[in-house]
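One letter stands for each residue in the lines below.
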There are 2 protein chains.
Amino acid sequence: MNPYKNRQARFRQAMRDAGIDGYIVTQNVDLYYLTGTMQTGLGVFPAEGEPVLYVRRSLARACAESEVRVEPMPSYRELGGALASAFPGWFEGGRKVRLATEFDVLPVQQFRRLEAALPGAEWLDGSRLMRELRMIKSAEELAPMREAARIVDVTLEKAIARLQEGMTELELMAYIEHSIRLHGHMGLMRMRAYNQEIVTGMVGAGEAAARPTYFDGPAGGQGLGPACPQSASRRPIGRGEPILLDLGCCIDGYVIDQTRTAVIGDLPDDLRYAYDVSERILREVEERLVPGTVCEDLYKLSLQLAKGAGLREHFMGYGPDQVKFLGHGIGLEIDEWPVLAMGFDIPLQAGMVIAVEPKFTFPGRGVVGVEDTYLITPDGFERLTVSRRELIRIGD
Amino acid sequence: MNPYKNRQARFRQAMRDAGIDGYIVTQNVDLYYLTGTMQTGLGVFPAEGEPVLYVRRSLARACAESEVRVEPMPSYRELGGALASAFPGWFEGGRKVRLATEFDVLPVQQFRRLEAALPGAEWLDGSRLMRELRMIKSAEELAPMREAARIVDVTLEKAIARLQEGMTELELMAYIEHSIRLHGHMGLMRMRAYNQEIVTGMVGAGEAAARPTYFDGPAGGQGLGPACPQSASRRPIGRGEPILLDLGCCIDGYVIDQTRTAVIGDLPDDLRYAYDVSERILREVEERLVPGTVCEDLYKLSLQLAKGAGLREHFMGYGPDQVKFLGHGIGLEIDEWPVLAMGFDIPLQAGMVIAVEPKFTFPGRGVVGVEDTYLITPDGFERLTVSRRELIRIGD
């Protein structure tokens with residue numbers, strides 16, 4: 001079955017289950033997921049009937065790519081009339097049509113324009129519905145993620161071969177970015193949460209990696225200054241300090257996420273111990289990566305293991321700068337659902353793709369940890385990231 | 001005077017002029033502009049009195065960097081109480097406090113949380129006020145833009161020296177990105193508009209450059225596929241076709257924007273002519289880059305010149321995919337104010353920084369044009385971009 005038709009059918013079913021008459025899709029990534037094209041416009045998806053993609057620009061490109069019928073975007077003044085004509089059932093009778101849209105990303109200004117254009121609508125927050133829809137990946141979505149994982153692996157090995165004492169984080173990061181870009185990385189990675197943004201992962205060594213950040217991850221990196229307070233810094237990489245290589249790559253819109261820890265020479269014993277604990281947590285999690293396992297239980301398990309190892313204070317950031325999750329869904333965006341965190345009491349399902357990233361932060365000294373991205377299969381998991389899993393030691 | 005204190009004073013004055021009691025700043029870039037730090041939290045700026053930056057994460061980094069008093073972020077349930085205590089005047093008497101926030105970027109979900117937390121507030125769209133505030137640059141903002149312009153120039157010359165027939169757009173783009181990154185480019189460039197995003201500019205040659213896109217610029221580029229429908233493609237660069245080198249670089253948060261056109265061998269006469277017209281339009285605009293010139297008049301002038309040259313249909317994109325502006329403000333974001341477009345009837349003022357980019361699109365053949373970034377000075381302009389302005393011809 002055409003994957004877009006399949007997604008649209010699941011979308012319609014989810015709308016019916018939620019008692020929604022239709023969904024006005026506004027965000028570029030959601031539009032791409034449902035139509036196969038990323039243009040400026042609105043995707044109007046009824047719970048019953050065929051969707052329409054209204055496009056302002058580029059209409060020509062939309063027509064060439066879209067899996068949904070394309071129409072020119074009317075002005076907001078004409079939008080109500082256009083929808084009343086395209087979806088007559090919505091505006092009949094006395095009741096208001098129940099429409100959803102992405103309250104988690106749509107700015108107030110554009111939402112108010114929609115409200116004014118469609119006064120006969122009752123508006124509902126469709127964020128959860130959209131994120132749950134996109135949570136389950138199809139085979140077509142896995143192919144680019146596998147390719148991204150392969151590119152990250154090839155690049156990691158080349159970067160390790162090049163890594164030497166005194167090289168700056170930025171130099172190594174630039175080398176990595178150049179390699180993945182030549183392999184087809186699209187030059188950016190998408191993140192859904194407001195105000196969050198991501199460079200192409202990070203190279204972070206020693207104290208620079210351990211600097212607290214606003215970035216919603218266990219280690220964000222020092223960055224190049226207050227206006228870019230994450231990812232690589234200009235600090236030279238030293239001997240005997242952990243080097244965190246948290247690398248992403250985006251192929252045909254799909255992102256992968258993988259972390260390895262390297263060291264030139266040897267790690268101090270306590271950091272080596274913490275690294276081993278991160279691997280142990282990942283193995284323990286893997287034993288439970290099977291449909292039915294409740295997401296938040298994996299987070300609880302990791303907390304118990306970190307506490308049992310005497311490393312609770314260092315787990316997933318340090319002290320007040322800790323994040324409260326162990327892993328995250330990933331796909332077109334790096335912060336998809338499910339999250340392995342308290343409150344996510346849903347079970348794992350086949351088709352979910354999640355990055356699991358146990359890490360330990362030691363202020364002034366560095367971050368150690370490991371991260372792999374997994375597909376949940378009907379009877380367990382498949383690891384999508386392919387790099388050797390070990391503390392990478394670089395000799396003299 | 002401390003530039004942050006100066007910005008805050010201008011901000012307070014703008015609020016008083018607009019009859020606003022306070023502004024809740026939510027966006028990362030606006031927060032950085034006003035506080036000097038980019039953390040997760042809310043900046044509360046009263047029209048009278050001292051602002052407070054409420055920080056969820058990272059409090060430590062905020063305390064080290066902020067030019068505004070920092071407090072831990074309360075929960076949304078406690079926010080009302082915290083603000084009533086910090087800003088007692090706001091919640092006294094019978095009237096509602098008039099608060100503004102950034103309706104152009106703040107998602108509905110977060111806005112509703114603010115509304116629920118502060119039921120005693122009347123909310124106003126503060127987008128225009130914020131964009132006008134940030135429109136006038138201080139000396140501190142120009143230094144990183146000058147440095148970014150220097151890096152783009154050095155990189156452009158190196159890229160030209162390397163450019164040869166058969167190299168793909170992506171290869172040249174990757175080389176350029178690697179060069180600017182090593183010089184301190186922060187790895188991404190920020191764009192304010194919903195759903196808009198930008199890779200590090202573009203290398204676009206021949207028909208690939210002329211492909212229409214959703215990107216809000218005269219030429220977006222073919223890109224690597226439907227999920228990344230802009231910037232460089234994998235198409236090899238050929239002889240005798242225009243090569244558009246539209247390059248950005250972001251230093252300490254500040255972006256520069258410059259375009260040059262190159263060709264291996266010679267351009268066909270009609271494209272060479274169109275290139276010359278783009279230079280002529282830029283020179284004509286430069287003669288009017290002085291405080292007092294009305295922004296939309298520059299756009300009208302460019303339309304007249306393009307029409308007079310018989311190139312109206314090709315100007316700023318082709319046919320229905322044309323954009324309706326000649327240039328844009330630039331600073332921390334690449335789509336700042338003012339815009340050289342109809343409806344922007346404000347005069348140029350000293351301190352504005354604008355990129356002016358006359359370009360001509362020939363479907364199936366390519367895009368020619370030129371772009372420079374300018375500071376408006378009290379008696380004219382200073383060109384911030386420094387590259388030689390000519391059709392760059394690459395011999396055999």
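The shown structure was predicted, so the numbers you read here are calculated from the model rather than taken from an experiment.

*Asks:* Teacher, can you tell me more about the relation of the copies chain A and chain B here?
*Replies:* Between the two copies of the chain lies a relationship made up of a rotation around an axis and a movement along it. Once chain A is rotated about the relating axis by 180 degrees and shifted along it by 0.0 Å, it coincides with chain B to within an RMSD of 0.0 Å. Considering both components of the superposition, the chain copies are consistent with a two-fold axis. Nearest to the rotation axis, the C-alpha of Pro-107 of chain A is located 2.0 Å from it, this being the minimum over chain A. Take the interface residues of chain A: 99% of them recur as interface residues in chain B, which is what a same-surface contact looks like.

*Asks:* Hey, could you run me through the UniProt feature "domain: Peptidase M24" (unreviewed entry) in chain A in this one?
*Replies:* The UniProt feature table records "domain: Peptidase M24" (unreviewed entry) at residues 145–377 of chain A. Along residues 145–377 of chain A one finds 30% helix and 21% strand; the C-alpha atoms at either end are 15 Å apart.

*Asks:* Looking at this model, I keep getting lost on empty space enclosed by the protein. Mind explaining?
*Replies:* Think of a ball as big as a water molecule: rolled over the atoms, this probe shows where empty space is left. Evaluated as defined, the whole model comprises 5 cavities of 30 Å³ or more. By volume, the largest cavity is sized at about 930 Å³. In this structure, the largest cavity is lined by 44 residues; those nearest its centre are Met-191, Gln-196 and Glu-197 of chain A together with Met-191 and Gln-196 of chain B. For the lining of the largest cavity, the elements supplying multiple residues, two or more each, are helix 2 (28–35) of chain A together with helix 2 (28–35) of chain B. When the residues that make up the lining of the largest cavity are grouped by side-chain class, the tally is 20 nonpolar, 14 polar and 10 charged. In this structure, the second largest cavity occupies an estimated 170 Å³ of space.

*Asks:* Would you explain the pattern of salt bridges in this entry?
*Replies:* Oppositely charged side chains can pair when the atoms bearing their charge come close. By the definition in use, this model includes 71 salt bridges over all chains. A salt bridge links Arg-95 of chain A to Asp-21 of chain A, with the nearest nitrogen and oxygen atoms 3.0 Å apart. Of this pair, Arg-95 of chain A sits in the loop between helix 4 (76–86) and strand 5 (97–101) while Asp-21 of chain A sits in the loop between helix 1 (3–18) and strand 1 (22–25); the two residues are 74 residues apart in sequence, bridging distant segments of the chain. Residue Glu-197 of chain A pairs with Arg-190 of chain B through a salt bridge whose shortest N-O separation is 2.4 Å. A residue pair is termed interchain when its members come from two chains, as with Glu-197 of chain A in the loop between helix 8 (169–182) and strand 7 (202–205) and Arg-190 of chain B in the loop between helix 8 (169–182) and strand 7 (202–205).

*Asks:* Is there a simple way to think about the sheet that holds strand 11 (residues 336–340) of chain A in this case?
*Replies:* In a beta sheet, neighbouring strands pair by backbone hydrogen bonds and run either parallel or antiparallel. All names here are of chain A. If you walk across this open sheet you meet the 5 strands as 11-10-12-15-16, and the pairing is antiparallel. The open sheet has two edge strands with one neighbour each: strand 11 and strand 16 (380–383). Taking each pair of neighbouring strands and ignoring which way they run, the sheet shows an average axis angle of 30 degrees. Two strands pair when backbone bridges link them, and strand 12 (residues 353–356) and strand 15 (residues 372–377) are joined in this way by 4 bridges, in the antiparallel orientation. For Ile-354, the partnering residue across the bridge sits in strand 15 and is Tyr-374. Contacts between helix 6 (residues 127–135) and the sheet are confined to strand 11 and strand 12, with strand 11 contributing the most and set at about 85 degrees to the helix.

*Asks:* So what exactly am I meant to see when it comes to the packing of aromatic side chains here?
*Replies:* For any pair of aromatic rings, the description rests on two quantities: the centre-to-centre distance and the angle between the ring planes. Taken as a whole, this structure holds 18 aromatic pairs over all chains when the rule is applied. When the centroid spacing of 5.3 Å and the interplanar angle of 40 degrees are considered together, the rings of Phe-315 of chain B and Phe-360 of chain B count as tilted. Of this pair, Phe-315 of chain B sits in the loop between helix 11 (295–308) and strand 10 (327–329) while Phe-360 of chain B sits in strand 13 (residues 359–362); the two residues are 45 residues apart in sequence, bridging distant segments of the chain. We classify Phe-315 of chain B as buried; its relative accessible area is 1%. Judged by its relative accessible area of 0%, Phe-360 of chain B falls in the buried class. An aromatic cluster is defined as three or more aromatic residues linked by ring pairs; in this entry it consists of Phe-11, Tyr-23 and Phe-45 of chain A. A cation over an aromatic ring shows up here: Arg-7 of chain A above the ring of Tyr-33 of chain A, its NZ or CZ 4.6 Å from the ring centre. The ring of Tyr-4 of chain B is capped by Arg-7 of chain B, whose NZ or CZ atom sits 4.8 Å from the centre of that ring.

*Asks:* Would you mind going over the domain arrangement of chain A with me for this structure?
*Replies:* Put simply, an interface is often sized by how much accessible area is lost when its parts join up. Residues and elements named next belong to chain A. Domain annotation for chain A reports domain 1 (3–133) and domain 2 (136–394). Relative to domain 2, the C-alpha centre of domain 1 lies at a distance of 35 Å. Listed as interface residues are 18 residues of domain 1 and, on the opposing side, 13 residues of domain 2. When domain 1 packs against domain 2, close to 1300 Å² is buried across both sides, 52% of that on carbon and sulfur atoms. Ranking the residues of domain 1 by area buried against domain 2 places Val-29, Tyr-32 and Arg-131 at the top, with a combined share of 39%. Counting the contacts that link domain 1 with domain 2 gives 2 salt bridges. With a closest N to O distance of 3.0 Å, Asp-30 and Arg-192 form a salt bridge. Of all the elements in the fold, those that place two or more residues in the side of domain 1 that touches domain 2 are helix 1, helix 2 and helix 6.

*Asks:* Would you mind going over the pairing of strand 16 (residues 380–383) of chain B with me for this structure?
*Replies:* It is a general feature of regular strands that their side chains alternate between the two faces of the sheet. Residues and elements named next belong to chain B. Pairing of strand 15 (residues 372–377) with strand 16 involves 4 bridges; the strand directions are antiparallel. The residue bridging Tyr-374 from the neighbouring strand is Arg-383, located in strand 16. In this antiparallel pair of consecutive strands, strand 15 and strand 16, the connection spans 2 residues.

*Asks:* Sorry, what's going on with the UniProt feature "domain: Creatinase N-terminal" (unreviewed entry) in chain A here?
*Replies:* Following the UniProt record, one finds the feature "domain: Creatinase N-terminal" (unreviewed entry) at residues 7–136 of chain A. The span residues 7–136 of chain A is 44% helix and 24% strand, and its two end C-alpha atoms sit 10 Å from each other.

*Asks:* Sorry, what's going on with the pairing of strand 6 (residues 121–125) of chain A here?
*Replies:* Residues and elements named next belong to chain A. Bridging between strand 5 and strand 6 involves 5 bridges; their strand directions are parallel. The residue bridging Thr-101 from the neighbouring strand is Asp-125, located in strand 6. The parallel pair strand 5 and strand 6 is bridged by helix 5 (residues 108–117), and the resulting crossover is right-handed.

*Asks:* What should I look at first to understand the interface of chain A and chain B in this one?
*Replies:* Residue-level contacts link 72 residues of chain A with 71 residues of chain B. Taken over both partners, the interface formed by chain A and chain B buries close to 5800 Å², and the fraction arising from carbon and sulfur atoms is 51%. When the area that chain A buries against chain B is broken down by residue, the three leading residues are Arg-57, Arg-61 and Tyr-194 of chain A, summing to 15%. We note a salt bridge from Glu-177 of chain A to Arg-181 of chain B, for which the minimum N-O separation is 2.8 Å. Scanning the region where chain A abuts chain B turns up 38 residue pairs in polar contact (both at pLDDT 80 or more). Mapped onto the side of chain A that touches chain B, the elements with two or more residues apiece are helix 2, helix 3 (59–65), helix 5 and helix 8 of chain A. Broken down by element, the residue count for the side of chain A that touches chain B peaks at 9 residues, all from helix 8 of chain A. Of the residues assigned to the side of chain A that touches chain B, the class counts are 29 nonpolar, 26 polar and 17 charged.

Cut-offs applied
- Residues numbered from 1 in each chain as written.
- Chains lettered and ligands numbered in written order.
- Predicted model: local features only at pLDDT ≥ 70, side-chain atom pairs only at ≥ 80, totals over all residues.
- Heavy atoms only, no water.
- Least-squares fit on C-alpha atoms with pLDDT ≥ 70 in both.
- Contact = heavy atoms within 4.5 Å.
- UniProt positions renumbered as here; feature names shortened; annotations may be inferred.
- Helix = DSSP H or I, 4+ residues; strand = E, 2+ residues; numbered from the N terminus.
- 1 Å grid on protein atoms, 1.4 Å probe; cavity = no way out; pocket = protein on both sides within 12 Å on 5 of 7 lines; lining within 4 Å.
- Points joined across faces, edges and corners; volume = space filled by probe spheres on them.
- Nonpolar A, V, L, I, M, F, W, Y, C, P; charged D, E, K, R; others polar.
- Salt bridge = Lys/Arg side-chain N within 4 Å of Asp/Glu carboxyl O.
- Pairing = 2+ DSSP bridges.
- Axes fitted to C-alpha atoms, helices over the stretch in contact; angles between N-to-C directions.
- Phe/Tyr/Trp six-rings, centres within 6.5 Å; stacked < 30°, edge-to-face > 60°.
- Buried < 20%, exposed > 50% of the residue type's maximum accessible area, 1.4 Å probe, protein only.
- Lys NZ or Arg CZ within 6 Å of the ring centre and 35° of its normal.
- Domains from an automatic or database assignment.
- Buried area = accessible area lost by both parts, 1.4 Å probe.
- Right-handed = clockwise from strand over helix to strand, strands pointing away.
- Polar contact = N/O pair within 3.5 Å; in protein donor to acceptor, adjacent residues only side chain to side chain.

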